[in-house]
Amino acid sequence: MTLISTPFGAKTPAAEILAGVDLTGRRIIVTGGASGIGAATVQALRGAGAEVTVATRNPADGERALDLSDLGSVRAFVAGWTGPLHAIVANAGIMAVPTRELAANGWELQLATNFLGHFALITGLHENLREAGDARVVTVSSGAHLRAPFDFDDPHFERRPYDPWVAYAQSKTADVLLAVAIARRWAADGVTANSLAPGYIHTNLQRHLDDDTMRAFGSMDEEGNLLTPDYYKTPEQGAGTSVLLAASPLVKGVTGRYFSDNQEEEVVPGGPEATGGVAGWAIDPALADRLWDYALEAVRRA
């Protein structure tokens, strides 16, 4: 399979990726679109003419409430949506919650927010995506998915010791597998799905990280001041791959693939030594099908 490449670089701003693209009439949902790369994604899509709905836990004027860890909130959002939907950017997330926390229904909070809530949202809006005729689903994953596969035996850390980074990693593996599963199921409905890693960006996502971890990333000095290493991106640059997959004609019809820095990534073995690429465990079709069945049952029972 030939990897897809684009003329854009790792730090190409989102607005530049959509330069000359007319999204007038296209309706797009961006979860977590009130801050960080989500807000930059919204700005670029609106700048190209799209009608963008910002779905966020604490909505301001013109935004809509959506708490992904609360299935009641997800179902209310789905019930309130009418008409075609041309794209969903599943951007909202939490990272490295230091202690094991649970959503109201007992799900581990990172898995609930980063994956299961998005699964319920996207599947709940399937008919609206189908109505659009050429819709796109974009799941924002992370290079952290290379650290851990999805644990089907104990996804909520009920028996194994809780590790904040393993919990984050498996939720992001699930996001990649979700795109693969949608690509396998909804192609006949005109729906494509891809996933991505946005890279390193200073956003609220890091709010649970302690100072030692930030220093290990090279993003904080000994006095506690934030630093911006060369490999970090601005939110506008970090949103680039999201808007590429959500709206660029360069990837029209592309589905079931994983991108970072505006390029498709090669498949690599996952593990602690991996520094780039997409882990084989995150794009395995059999695992994608298994995860789909797991999530369907989990949402049904919740």
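Bear in mind that the values here come from a model prediction, so they are computed numbers and not experimental data.

Asks: Account for the overall build of the chain, with residues named and values stated.
Replies: In terms of helices and strands, the chain carries 11 helices and 10 strands. For 302 residues, the compact-globule estimate of 2.2 N^0.38 gives 19 Å, and the C-alpha radius of gyration of the chain, at 18 Å, lies within 12% of that figure. Pairs at least 24 apart in sequence give 74% of the contacts found in the chain among residues at least 6 apart. Taken as a whole, the chain presents about 12700 Å² of accessible surface, with 50% of it coming from carbon and sulfur.

Asks: Before we move on, can you summarise the packing of helix H2 (residues 36–47) against helix H9 (residues 240–247) with the specific residues and values?
Replies: Contact geometry of H2 with H9 gives a least axis separation of 9 Å together with a crossing angle of 45 degrees. Regarding the angle of H2 to H9, the classification is oblique. Where H2 crosses over H9, the two elements pack in a sense that is right-handed. Taking contact as the criterion, the partners of Thr41, Ala44 and Leu45 in H2 are, on H9, Ser242, Val243 and Ala247. Taken together, the residues that form the contact of H2 with H9 break down as 4 nonpolar, 2 polar and no charged.

Asks: Describe the environment of Ala246, listing the residues and the values that go with them.
Replies: Relative to the elements of secondary structure, Ala246 occurs in helix H9. Residue Ala246 is classed as buried on the basis of its relative accessible area, which comes to 2%. Considered as a pair, Ala246 and Ala193 are 53 residues apart in the sequence and their alpha carbons are 9.1 Å apart. Contacts of Ala246, omitting those with residues within four sequence positions, involve Ala87, Val89, Arg136 and Val138.

Asks: Tell me what's going on with the sheet that holds strand E8 (residues 263–264), and back it up with residues and numbers.
Replies: Strand order in the open sheet made by the 8 strands is E3-E2-E1-E4-E5-E6-E7-E8, with mixed pairing throughout. Strands at the two margins of the open sheet, each flanked by one partner only, are strand E3 (64–65) and E8. As paired elements, strand E5 (residues 135–140) and strand E6 (residues 191–197) share 6 bridges and run parallel to each other. Bridged to Ala135 within E6 is Val191.

Asks: Please set out the nonpolar core residue by residue, giving values where relevant.
Replies: With 52 residues, the main nonpolar core has Phe115, Ile122, Leu125, Leu129 and Ile182 as its most contacted residues. Counting residues per element, the ones that place at least two in this core are helix H3 (71–79), strand E4 (87–90), helix H4 (109–124), helix H5 (126–132), E5, helix H6 (164–185), E6 and helix H11 (285–301). Ala50, Val140, Leu196 and Ala239 belong to the second largest nonpolar core, which has 33 residues in total.

Asks: Which residues make up the packing of aromatic side chains, and what values go with them?
Replies: This model, assessed by the stated rule, comprises 10 aromatic pairs. Relative to Phe152, the ring of Phe150 has its centre 4.8 Å away and its plane inclined at 65 degrees; by these criteria the two rings are edge-to-face. The same class applies to Phe150 as to Phe152, namely buried. Measuring from ring centre to ring centre gives 6.0 Å for Trp165 and Tyr168, while their planes differ by 80 degrees; the resulting arrangement is edge-to-face.

Asks: Mind laying out the environment of Gly117, listing which residues take part and the relevant values?
Replies: Structurally, Gly117 can be placed in helix H4. In this structure the C-alpha to C-alpha distance between Gly117 and Ala65, which are 52 residues apart in sequence, comes to 13 Å.

Asks: So what's going on with H6? Which residues, and what values?
Replies: For an α-helix, 3.6 residues make a turn, and residues three or four places apart therefore share a direction. With 22 residues, H6 ought to run about 32 Å at 1.5 Å a step, and its terminal C-alpha atoms sit 32 Å apart, in line with that. With respect to burial, H6 is a largely interior element, 18 of its 22 residues being buried. Two or three places before Trp165, at the opening of H6, Asp163 has a side-chain oxygen 2.8 Å from that residue's backbone nitrogen.

Asks: Describe the pattern of salt bridges, listing the residues and the values that go with them.
Replies: Where charged atoms from two side chains of opposite charge come close, those side chains can pair. Throughout the structure, instances matching the rule amount to 14 salt bridges. Of the charged contacts, one joins Glu127 and Arg130 as a salt bridge, the two residues approaching to 2.5 Å between their closest N and O atoms. Pair noted here: Glu127 and Arg130 are both in helix H5, with a separation of 3 residues, about one helical turn. Judged by its relative accessible area of 43%, Glu127 is partly exposed. For Asp134, the salt bridge is made with Lys252, and the minimal N-O distance between the two is 3.7 Å. Note that Asp134 is positioned in the loop between H5 and E5 and Lys252 in the loop between H9 and strand E7 (258–260), a separation of 118 residues in sequence.

Asks: Any details on the layout of surface pockets? Residues and values, ideally.
Replies: If you add up the space inside the second largest pocket, you get close to 220 Å³. What lines the second largest pocket is a set of 18 residues, among which Arg26, Asp134, Arg136, Lys252 and Gly253 lie closest to the centre. If you list the elements that add at least two residues to the lining of the second largest pocket, you get E5, E6 and H9. No other element matches H9, which puts 3 residues into the lining of the second largest pocket.

The rules behind these values
- Residues numbered from 1 in each chain as written.
- Predicted model: local features only at pLDDT ≥ 70, side-chain atom pairs only at ≥ 80, totals over all residues.
- Heavy atoms only, no water.
- Helix = DSSP H or I, 4+ residues; strand = E, 2+ residues; numbered from the N terminus.
- Rg over C-alpha atoms; globule rule 2.2 N^0.38 Å.
- Contact = heavy atoms within 4.5 Å.
- Areas by Shrake-Rupley, 256 points an atom, 1.4 Å probe, with all protein chains shown as cover.
- Axes fitted to C-alpha atoms, helices over the stretch in contact; angles between N-to-C directions.
- Parallel < 35°, antiparallel > 145°, perpendicular 65-115°, else oblique.
- Left-handed = near helix turned anticlockwise from the far one by under 90°.
- Nonpolar A, V, L, I, M, F, W, Y, C, P; charged D, E, K, R; others polar.
- Buried < 20%, exposed > 50% of the residue type's maximum accessible area, 1.4 Å probe, protein only.
- Pairing = 2+ DSSP bridges.
- Core = buried A, V, L, I, M, F, W, Y, C linked by side-chain atoms within 4.5 Å.
- Phe/Tyr/Trp six-rings, centres within 6.5 Å; stacked < 30°, edge-to-face > 60°.
- Expected span 1.5 Å × (residues − 1).
- Polar contact = N/O pair within 3.5 Å; in protein donor to acceptor, adjacent residues only side chain to side chain.
- Salt bridge = Lys/Arg side-chain N within 4 Å of Asp/Glu carboxyl O.
- 1 Å grid on protein atoms, 1.4 Å probe; cavity = no way out; pocket = protein on both sides within 12 Å on 5 of 7 lines; lining within 4 Å.
- Points joined across faces, edges and corners; volume = space filled by probe spheres on them.

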